[in-house]
Amino acid sequence: MRLVIALAAFVLAGALPAHAAGGFADWGAIVVAGDFHAHDGSEAEFFDNGRRDVAAQLQRIGFAPGNVIQFSLRPERYTPQPLRADKQAIANTLWDLSNRTAGGCLIYFTSHGSPSGVQLGDGMIAPDDMATMVDNACGDRPTVVIVSACFSGVFVPVLAGANRFVFTAARPDRASFGCGQTDRYTFFDECMLQAFPASHDFPGLAALTRACVAAREKKEKTSPPSEPQLSVGAAVAANLPHW
């Protein structure tokens, strides 16, 4: 019986793509909180709460702690201290990660957004900026890009590709919700965090997150619904590890 189990495990391992078989230990990830204000302009913690706890979930599913790099606009407030968020520092760090890892890439942004892109401090990261950053650092590696922001569906057409899993909090013409001063997380970030322990791969994570967001928006009577967007490239699904 032990021999049969061992042979079955060997066959299954051989059937898995190289990236899937290796898990996330050799992947690089950046997690960015791009603002620290509620929708009324008051200071708030929900973006940094999301940044911190998404990073913790990535480590829980197998990312090496040293390969998960966090960014904040107020790094001095937090322990352990994230890096200070600016566009060049994020691009450089993603490039450095790609040179010391051999697996895939993951990029997670949580911030305010507009039809022009995602907010980073007083500026914006436009879809073309994000695409250049990801193309340069990640190339044809399996890549997961998650943008938690209003209007973040604007990133999907530019970032979509055969090796890309792109998930956004809203349609390109819709707001997302949960940016009040007393919110612990945005709706999307909270649903994502709840979905991690209940799922075993990124497609499952996206499905649970979308269902959770829809239920939360219905409960809170927010409208119109944000309708999170998902693009899964033809090649990426087979190269995404499970957890």
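Reference entry: report on the structure contained in this document. Worth saying up front: this structure is predicted, and the values here are computed from it rather than measured.

The sheet built from seven strands is open, its strands ordered β3-β2-β1-β4-β8-β9-β10 with mixed pairing. Two strands lie at the open edges of the sheet, namely β3 (83-84) and β10 (229-232), each paired on one side alone. Strand direction decides the pairing type here: strand β9 (residues 164-168) and β10, joined by four bridges, are antiparallel. Within β10, the position partnered with F165 by the bridge is V232. The strands touched by helix α4 (residues 87-100) within the sheet are β1 (28-33), β2 (68-72), β3 and β4 (105-110), with β1 carrying the most contacts at an inclination of about 165 degrees.

This next bit is on the state of the cysteines. Defined simply, a disulfide is a covalent bond joining two cysteines at their sulfur atoms. Counted under the stated rule, the structure contains two disulfides. Between the sulfur of C105 and that of C138 lies a disulfide, 2.3 Å long from S to S. Handedness of the C105-C138 disulfide follows from its S-S torsion of about -115 degrees: it is left-handed. One end of the pair, C105, is in strand β4; the other, C138, is in helix α5 (residues 127-138), and 33 residues separate them in sequence. In this pair, the class of C105 matches that of C138, namely buried. Between C191 and C212 runs a disulfide, and the two sulfur atoms are separated by 2.1 Å. On the sign convention where negative means left-handed, the S-S torsion of about -70 degrees between C191 and C212 marks this disulfide as left-handed. Here the residue C191 occupies a position in helix α7 (residues 187-198), and C212 occupies one in helix α8 (residues 202-220), the gap between them amounting to 21 residues.

Bringing the sheet that holds strand β6 (residues 117-120) into the picture now. Strand order in this open sheet of three strands is β5-β6-β7, and the pairing throughout is antiparallel. Each of the sheet's edge strands pairs with one partner strand only, and the pair in question is β5 (113-114) and β7 (123-125). As paired elements, β6 and β7 share three bridges and run antiparallel to each other. Looking at β7, one finds that Q119 is bridged to M124. Packing against the sheet, α5 makes contact with β6 and β7, and its axis sits at approximately 55 degrees to β7.

This brings us to the nonpolar core. Core analysis: the largest hydrophobic core is formed by 31 residues, its most contacted members being L58, F63 and F202. Secondary-structure elements contributing two or more residues to this core are β1, α3 (46-60), β4, β8 (143-148), β9, α7 and α8. Sorting elements by how many residues they give to this core places α7 first, with six residues. Apart from the residues within four sequence positions on either side, F63 is in contact with F24, W27, G28, A29, L58, V68 and L106.

The omega torsion across T79 and P80 is -5 degrees, close enough to zero to call that bond cis. Tracing the backbone shows P80 in the loop between β2 and β3. With an omega dihedral of -5 degrees, the bond running from S223 to P224 counts as a cis peptide bond. Looking at the secondary structure, you find P224 in the loop between α8 and β10. Residue F151 is not a glycine yet carries a positive backbone phi of 60 degrees. In this structure, F151 sits in the loop between β8 and α6 (156-159). One non-glycine residue, E227, lies in the positive phi region at around 55 degrees.

Bringing the packing of aromatic side chains into the picture now. This structure, assessed with the given rule, holds eleven aromatic pairs. Judged by centre distance (4.5 Å) and plane angle (65 degrees), the ring pair of F46 and F47 falls under edge-to-face. Each of the two residues, F46 as well as F47, counts as buried. A centroid spacing of 5.1 Å and a plane angle of 75 degrees characterise the contact between F202 and W243, whose relative ring orientation is edge-to-face. Residue F202 is found in helix α8, and its partner W243 is found in the segment after β10; the two are separated by 41 residues along the sequence. In this structure an aromatic cluster arises from ring pairing among F24, W27, F63, F165, F196, F202 and W243. When the ring centre of F187 is taken as origin, the NZ or CZ atom of R216, which lies over that ring, is 4.1 Å away.

What follows deals with the environment of P75. In this fold, P75 is placed in the loop between β2 and β3. Excluding residues that lie within four positions of it along the chain, P75 makes contacts with Q81, P82, L83 and R84.

What counts and how
- In every chain, residue numbers begin from 1 and rise along the written sequence.
- Local features in this predicted model are restricted to residues of pLDDT 70 or higher, and side-chain atom pairs are both shown and tallied only at a pLDDT of 80 or more, whereas totals for entire chains, interfaces and linings draw on every residue.
- Where side-chain values are given, they derive from all heavy atoms of the structure, hydrogens and water being excluded.
- The criterion for strand pairing is that DSSP finds at least two bridges linking the strands in question.
- The secondary structure listing takes helices from DSSP runs of H or I that are at least 4 residues long and strands from runs of E that are at least 2 residues long, numbered from the N terminus.
- Contacts are assigned to residue pairs with any non-hydrogen atoms lying within 4.5 Å of each other.
- For helices, the fitted axis covers only the stretch in contact; all axes are lines through C-alpha atoms, and the angles between them, taken along N-to-C directions, range from 0 to 180 degrees.
- By disulfide we mean two sulfur atoms from cysteines, separated by a distance within 2.5 Å.
- The classification of residues rests on relative accessible area computed with a 1.4 Å probe and restricted to protein chains. Under 20% of the type maximum is buried, over 50% is exposed, and intermediate values are partly exposed.
- The term nonpolar core refers to a set of buried residues drawn from Ala, Val, Leu, Ile, Met, Phe, Trp, Tyr and Cys, joined through side-chain atoms within 4.5 Å.
- Stacked, tilted and edge-to-face pairs are distinguished by plane angle, under 30 degrees for stacked and over 60 for edge-to-face with tilted covering the rest, among Phe, Tyr and Trp rings (Trp via its six-membered ring) whose centres lie within 6.5 Å.
- Any Lys NZ or Arg CZ found within 6 Å of a ring centre and within 35 degrees of that ring's normal is scored as a charge over the ring.

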